[in-house]
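Here is how the chains run, residue by residue.
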Amino acid sequence: VRCTYIEIPQIETTAAVVLSQPDWMWGAEMGANEHGVVIGNEAVWTQAPLGPPALLGMDLVRLGLERAQTAAEAVEVITALLEEFGQGGACSENDSSFAYHNSFLLADAREAWVVETADMEWVAERVISGTRNISNGLSIRTEYEKSSKNLVEKDLDFAAYFSADSVQLDPSSRESWGRRLMTEHMGEITPDTMMNILSHHDSGICMHGAFATTASMVSRLTVDGTNEHWMTGAPYPCKTPFKLVPVAI
């Protein structure tokens, strides 16, 4: 299969997917598959070297959705491909110098995972209760359940070791805001709640300016498979309505 920059072996069967996809790349920033798995990614800046063109984080989002039937399986798909092929290449259509590493939020109706990477190293944290959000910095410290084979020090503080900047969480950061806004609605979070949070301005979650929120997605997952997904398909969720995806994914 031809990804954005490289070709990798295809598998025999892939899942049906719905994707929020920039038009210039093969991958996707977020999406869902027919098995009720949803994945999104964020850019993170680390001290690890940026590699040559390889898989983009967005390619890994799509590959995880096409090849996994659970969130845990998607973790295995993404991390195995990362270790085999690496990540790298321009992450912007118009700026060949703009590149970064990636973090991922993966969920199904039963559990969620956060995967954070630095070059070909990675850690995975399982989330089974409460809320969890990611933004543009490493956030997993020592509370991970899985890691790349080269991380022999199993209690390594991943964020502190690899972050390009301080790992002290700025209360004005998007991640801090997201955590507070979701905590305020703990136990009563609805799709409308999440749409309002994604449209929030003071937090910078809905970004305008040089960096803009390019698209947004909200999913409601159920164990009986009656999943629903809403997408904007356009920038600025504060201005663009979320529309229910009219397909059974």
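Residues numbered from 1 in each chain as written. Predicted model: local features only at pLDDT ≥ 70, side-chain atom pairs only at ≥ 80, totals over all residues. Heavy atoms only, no water.

1. So, the environment of E93
When you line up the elements, E93 lands in the loop between α2 (71-85) and β4 (101-107). Each C-alpha atom of the pair E93 and M120 lies 23 Å from the other, and the pair is 27 residues apart in sequence. Excluding its chain neighbours within four sequence positions, the residues that come into contact with E93 are D23 and W24. (Helix = DSSP H or I, 4+ residues; strand = E, 2+ residues; numbered from the N terminus. Contact = heavy atoms within 4.5 Å.)

2. Overview of the sheet that holds strand β5 (residues 112-118)
Strand pairing within a sheet occurs via backbone hydrogen bonds; the two strands may be parallel or antiparallel. Spatially, seven strands are ordered β1-β2-β3-β4-β5-β6-β7 in an open sheet, and the strand pairing comes out antiparallel. Sheet topology places β1 (17-20) and β7 (146-147) at the edges, where each strand pairs with a single neighbour. As defined by bridge partners, β1 adjoins strand β2 (residues 30-33) across four bridges and the pair is classed as antiparallel. By the bridge assignment, V17 is partnered in β2 with N33. (Pairing = 2+ DSSP bridges.)

3. Focus: the pairing of β2
Of the two faces of β2, the one carrying M30 and A32 and the one carrying G31 and N33 are both buried. Bridging between β2 and strand β3 (residues 38-44) involves three bridges; their strand directions are antiparallel. Directly across from M30, in β3, lies its bridge partner G40. Remark: four residues form the turn of the hairpin made by β2 and β3, two consecutive strands paired antiparallel; G36 in that turn has positive phi of roughly 85°. (Buried < 20%, exposed > 50% of the residue type's maximum accessible area, 1.4 Å probe, protein only.)

4. Let's talk about the environment of P52
Counting through the fold element by element, P52 comes out in the loop between β3 and α1 (57-67). Sequence separation between P52 and A234 is 182 residues; the distance between their C-alpha atoms is 30 Å.

5. Observations regarding the packing of α1 against α2
In a packed pair of helices, the relevant descriptors are the angle between the two axes and the axis-to-axis distance. Between α1 and α2, whose axes approach to 9 Å, the crossing angle comes to 135°. Here α1 is positioned oblique relative to α2, judged by the angle of their axes. Like other packed secondary-structure pairs, α1 and α2 cross with a definite hand, here right-handed. Across the interface between the two elements, L60, L63, G64 and R67 of α1 pack against E73, A74, V77, I78, L81 and L82 of α2. In terms of residue class, the contact of α1 with α2 is made up of seven nonpolar, one polar and two charged. (Axes fitted to C-alpha atoms, helices over the stretch in contact; angles between N-to-C directions. Parallel < 35°, antiparallel > 145°, perpendicular 65-115°, else oblique. Left-handed = near helix turned anticlockwise from the far one by under 90°. Nonpolar A, V, L, I, M, F, W, Y, C, P; charged D, E, K, R; others polar.)

6. Some points on the pattern of salt bridges
The full count for this structure, using the stated rule, is eight salt bridges. Residue E111 is joined to R126 by a salt bridge in which the shortest nitrogen-to-oxygen separation is 2.4 Å. Of this pair, E111 sits in the loop between β4 and β5 while R126 sits in strand β6 (residues 121-127), and the two are 15 residues apart along the sequence. For E111, a relative accessible area of 14% translates into the label buried. (Salt bridge = Lys/Arg side-chain N within 4 Å of Asp/Glu carboxyl O.)

7. As for helix α5 (residues 191-198)
Considered for burial, the residues of α5 that qualify are P191, T193, M195 and I197. Buried residues along α5 sit in contact with α4 (174-184), β8 (217-220) and β9 (228-231).

8. Brief notes about the pairing of β3
Most of β3 sits inside the fold, with seven of its seven residues counted as buried. Burial along β3 is two-sided: V38, G40, E42 and V44 and I39, N41 and A43, pointing in opposite directions, are all buried. Bridge count between β3 and β4: seven bridges; the pairing is antiparallel. Within β4, the position partnered with I39 by the bridge is L106.

9. With respect to the side chain of N102
Relative to the assigned elements, N102 resides in strand β4. Accessibility expressed as a relative area gives 1% for N102, which makes it buried. A polar contact of 2.6 Å, which involves the side chain of N102, links it to the side chain of N41. Ignoring any residue separated from it by four or fewer positions in sequence, one finds N102 in contact with N41, E42, V44, G57, Q87, V115, E116 and T117. (Polar contact = N/O pair within 3.5 Å; in protein donor to acceptor, adjacent residues only side chain to side chain.)

10. A short note on the environment of Y100
Among the secondary structure elements, Y100 is positioned in the loop between α2 and β4. Under the relative-accessibility criterion, Y100 is labelled buried at 12%. Along the primary structure Y100 and A48 are separated by 52 residues, whereas in three dimensions their C-alpha atoms are 9.9 Å apart. Filtering out sequence-adjacent residues up to four positions away, Y100 remains in contact with A43, V44, W45, L50, M58, Q87 and C91.

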